[in-house]
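One-letter residues, chain by chain:
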Amino acid sequence: WQLAEDRDGALIAATENGPWRRASDGWHPLPEDGSLSHLHVWSIESDGADGWWFGFRGGLMHSTPDGQHLIGAAQGLPNPVVRDLLRDANGALWAATAGGGLARLHDGRFQTLGENGGLGTNVLWQLMIDREGDLWAGTAAGLARIRDAGVRSFGPPEGLPPGRGRTVHGDG
């Protein structure tokens, strides 16, 4: 599960039964009508306004006060399993997928970066942006740092232990 906080300070949780919001009287589905309770949600990211992005087994869902908007292969998403989401300072949405590499959605268009672009794998787990503005990805091959147009991968040859780099966090 992934957790987020809304503008009112309420906790939002990604679950196997859709997104849920903690209010003063307990947990409630998000949206309130439970229309997303069929989704196995992996990740949550605010859209910067009144809506949320949800990454799930099946694609991306943008939930706004006007309704839900499914985004998948027809819109350019490279893989239907979205494990993590992150919005950068420019408003672009980054999606870590389970087989399609890294997808960047900006101004309604996707750009993708994968194994052939230097990531070392198309299987990603988690994303973070460090204080210098570099994007880091935990991948099935280790870690990758995306800086400007360049990618640098880190694995056993660079001193990391063998295995997957599933979780990345900053130190401050």
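Remember, predicted model here, so these are calculated numbers, not experimental data. Per chain, the residues get numbers from 1 upward, laid out in the order the sequence is written. In keeping with the predicted nature of the model, local features appear solely for residues at pLDDT of at least 70, side-chain atom pairs appear and are counted solely at 80 or more, and the whole-chain, interface and lining totals rest on all residues. The side-chain quantities take in all heavy atoms of the structure and omit both hydrogens and water.

Honestly, the overall build of the protein in this entry has me stumped. Any pointers?
Per the convention used, a helix needs a DSSP run of H or I reaching at least four residues, while a strand needs a run of E reaching at least two, with both numbered from the N terminus. Per the secondary structure count, the protein includes 0 helices and 16 strands. In this setup the radius of gyration rests on C-alpha atoms only. A globule is expected at 2.2 Å times the number of residues raised to 0.38. Here the protein has a C-alpha radius of gyration of 16 Å; the compact-globule value for 172 residues is 16 Å, and the two agree. Considering only C-alpha atoms, the protein reaches an extent of 50 × 35 × 30 Å along its principal axes. Taking the intrachain contacts of the protein between residues at least 6 apart in sequence as the baseline, contacts between residues at least 24 apart amount to 36%. To measure how exposed things are, a 1.4 Å probe is used in the Shrake-Rupley method; for residues, cover is taken only from the protein chains shown. As displayed, the protein has an accessible area near 9200 Å², and 46% of this comes from carbon and sulfur atoms. Neither His nor the chain ends contribute to the count of charged residues, in which Lys and Arg are positive and Asp and Glu negative. Working definition for charges: the position is that of NZ of Lys, CZ of Arg, CG of Asp or CD of Glu. Taking the 14 positively charged and 21 negatively charged side chains of the protein as two groups, their mean positions are separated by 7 Å. Note on contacts: a residue pair is in contact if any heavy atoms of the two residues lie within 4.5 Å.

Please explain the pairing of strand β15 (residues 142-147) as it appears in this structure.
Within β15, 5 of the 6 residues are buried, which leaves the element mostly enclosed by the surrounding structure. Between any two strands, at least two bridges found by DSSP are needed for them to pair. Pairing of strand β14 (residues 135-139) with β15, which is carried by 5 bridges, proceeds in the antiparallel orientation. Within β15, the position partnered with Thr 139 by the bridge is Gly 142. Between the end of β14 and the start of β15, which pair antiparallel, lie 2 residues. Pairing between β15 and strand β16 (residues 150-154): 5 bridges, direction antiparallel. In this scheme, a residue with accessible area under 20% of its type's maximum is buried, one over 50% is exposed, and one in between is partly exposed, where area comes from a 1.4 Å probe on protein chains only.

Honestly, the side chain of Asp 6 in this entry has me stumped. Any pointers?
Tracing the backbone through its elements, the reader meets Asp 6 in the loop between β1 (3-5) and β2 (11-15). By relative accessible area, which is 14% here, Asp 6 ends up buried. Distance and chemistry together define a polar contact, namely a pair of N or O atoms within 3.5 Å, with one atom able to donate a hydrogen and the other to accept it when in protein, and with adjacent residues in sequence counting only for side-chain atoms on both sides. A polar contact of 2.9 Å, which involves the side chain of Asp 6, links it to the backbone nitrogen of Asp 8. A polar side-chain atom of Asp 6 sits 2.8 Å from the main-chain amide nitrogen of Ala 10.

Looking at this model, I keep getting lost on the confidence of the model for the protein. Mind explaining?
For residues with low pLDDT, the predicted coordinates do not support detailed interpretation. pLDDT measures the predictor's confidence residue by residue and takes values from 0 up to 100. For the protein, per-residue confidence averages 90 on the pLDDT scale, and 94% of positions sit at 70 or higher. Mean pLDDT across the elements of the protein bottoms out in β16 (85) and peaks in strand β10 (residues 93-97) (97).

Please explain the sheet that holds strand β7 (residues 59-64) as it appears in this structure.
Within a sheet, adjacent strands bond to each other through the backbone by hydrogen bonds, running parallel or antiparallel. The strand order across the open sheet built from 4 strands is β5-β6-β7-β8, with neighbouring strands paired in antiparallel fashion. Two strands lie at the open edges of the sheet, namely β5 (41-46) and β8 (67-71), each paired on one side alone. For this sheet the average axis-to-axis angle between neighbouring strands, irrespective of direction, equals 20°. Sheet topology note: the strand β6 (residues 52-56)/β7 ladder contains 5 bridges and is antiparallel. Paired with Trp 53 across the two strands is His 62, which belongs to β7. To obtain each axis, a line is fitted to C-alpha atoms, and for helices this fit is confined to the stretch in contact; angles are then taken between N-to-C directions over 0 to 180 degrees.

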